[in-house]
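Here is what each chain is made of, one letter per residue.
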Amino acid sequence: MEEFINDVVHHIEGYYKNIVAITPKILLAIAILLVSWLIASRLSIFVGRRLKRKMDDSLLAAFISNLIKAILIAIGLLFMFRIVGLTGLAQTVLAGAGITAFVIGFALKDIGENFLAGILLAFKRPFSIGDIIETNGVKGKVVTLNLRDTQIRSDSKDIYIPNALLIKSVLTNFNSGGLLLQDFMIGIEYGSDYKRAISLIKEILERHDKVIDQDYHNSAVVAGVTGAIVQLTVRYWVKTDPSISDGKTRSEIIIAIMEILKQHDYVIK
């Protein structure tokens, strides 16, 4: 019994010595990880600000700064594993079992796919921050492009779409050079003075301060006839800003058109 107790004490002392021996390495590894995280965050902010000042593309600047942060943190993790002594163990496991690498690669396939898609989106430039896009059944304003997903704001909700879906799916950008095309239909009674109605609608578009007419064609045309209703399609370009995305400008134009048509005795259907 005494020999058994001595063996237990001997093993406990061995574990204790091992823990004491590895504790400085663990503390140093944690310190390196925290320092690398701090340096990565500060450098990412600094680079992001500099790029945004020198580039006219805030979306690409934000993506590059996030990419730099991720790379620096990854380097910090590699140093941490090296200090703790896990680098050799990881290499041995991967070299001795190829199936492990396959499983890891398969598990991280979506992350890698979205990361590469984010790089393509950052340089291909199908949209910019503030653009209103529609894809995968979601329509909203682009807030930011991250390493894995793109943040879109729609009806006061933040929606995160994986970058790979944006590459694979049809994407509609409603903006052109910072402008947004809006359209709607309005019906008037059959037999009315259609040309006069179109002229009145164009007057509203010309007077509204948010509507852009230089180099862009704003129009009001007869789109069709349904029963006793003549349908007019109104199309116009406006500057992109928060009041546009929440429908305020569209509402103002519709109300102004209905009021002027009513003042000239048009029956709106």
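Keep in mind the model is a prediction, meaning the values are calculated, not measured.

Asks: Would you explain the packing of helix α7 (residues 194-207) against helix α9 (residues 248-263) in this entry?
Replies: The description of two packed helices rests on the angle between their axes and on the distance between the axes. Packing of α7 against α9 brings their axes to within 10 Å, and their N-to-C directions diverge by 140°. The angle between α7 and α9 places the two elements in the oblique class. Regarding α7 and α9, the two cross each other, and that crossing is right-handed. Contact with α7, carried on its side by Ala-197, Leu-200, Ile-201, Glu-203, Ile-204, Leu-205 and Arg-207, involves Ile-253, Ala-256, Ile-257, Ile-260 and Leu-261 of α9 and no other residues of that element. Along the lines of polarity and charge, the residues of the contact of α7 with α9 split into 10 nonpolar, no polar and 2 charged.

Asks: Can you walk me through the pattern of salt bridges in this structure?
Replies: A side chain of one charge can pair with a side chain of the opposite charge if their charged atoms are brought near each other. Applying the stated criterion across every chain, the model contains 4 salt bridges. Note that Asp-149 and Arg-148 form a salt bridge whose closest N and O atoms lie 3.8 Å from each other. Here Asp-149 falls in the buried class, since its relative accessible area comes to 13%. Classification of Arg-148 by relative accessible area gives partly exposed; the value is 43%.

Asks: What exactly am I supposed to notice about the packing of aromatic side chains here?
Replies: The description of two aromatic rings rests on the distance between their centres and on the angle between their planes. Counted according to the given criterion, the structure contains 1 aromatic pair. Where Phe-184 meets Tyr-236, the ring centres are 6.2 Å apart and the plane angle is 70°; that geometry is what we call edge-to-face. With Phe-184 in strand β7 (residues 179-189) and Tyr-236 in strand β10 (residues 229-239), this pair connects stretches of sequence that are 52 residues apart. Of the two residues, Phe-184 and Tyr-236, both sit in the buried class.

Asks: Help me understand the environment of Ile-161 in this model?
Replies: Position of Ile-161 relative to the elements: it lies in strand β4 (residues 157-162). For Ile-161, a relative accessible area of 5% corresponds to the buried category. Distance from Ile-161 to Val-138, taken between C-alpha atoms, is 9.0 Å for residues 23 residues apart in sequence. Apart from residues no more than four positions distant in its own chain, Ile-161 is found in contact with Thr-135, Asn-136, Val-138, Asp-149, Thr-150, Ile-152 and Leu-166.

Asks: I tried to follow unusual backbone geometry on my own but got confused; where do I start?
Replies: Peptide bonds are trans in most cases, and residues, glycine excluded, mostly fall at negative phi. The backbone phi angle of Asn-136 is positive, close to 50°, even though this residue is not glycine. Along the chain, Asn-136 turns up in the loop between β1 (132-135) and β2 (138-145). With relative accessibility at 39%, the residue Asn-136 sits in the partly exposed group. Backbone geometry at Asp-265 places phi at a positive 65°, although glycine is not the residue there. Considering the arrangement of structural elements, one finds Asp-265 in the segment after α9.

Quick notes on the rules
Residues numbered from 1 in each chain as written. Predicted model: local features only at pLDDT ≥ 70, side-chain atom pairs only at ≥ 80, totals over all residues. Heavy atoms only, no water. Axes fitted to C-alpha atoms, helices over the stretch in contact; angles between N-to-C directions. Helix = DSSP H or I, 4+ residues; strand = E, 2+ residues; numbered from the N terminus. Parallel < 35°, antiparallel > 145°, perpendicular 65-115°, else oblique. Left-handed = near helix turned anticlockwise from the far one by under 90°. Contact = heavy atoms within 4.5 Å. Nonpolar A, V, L, I, M, F, W, Y, C, P; charged D, E, K, R; others polar. Salt bridge = Lys/Arg side-chain N within 4 Å of Asp/Glu carboxyl O. Buried < 20%, exposed > 50% of the residue type's maximum accessible area, 1.4 Å probe, protein only. Phe/Tyr/Trp six-rings, centres within 6.5 Å; stacked < 30°, edge-to-face > 60°.

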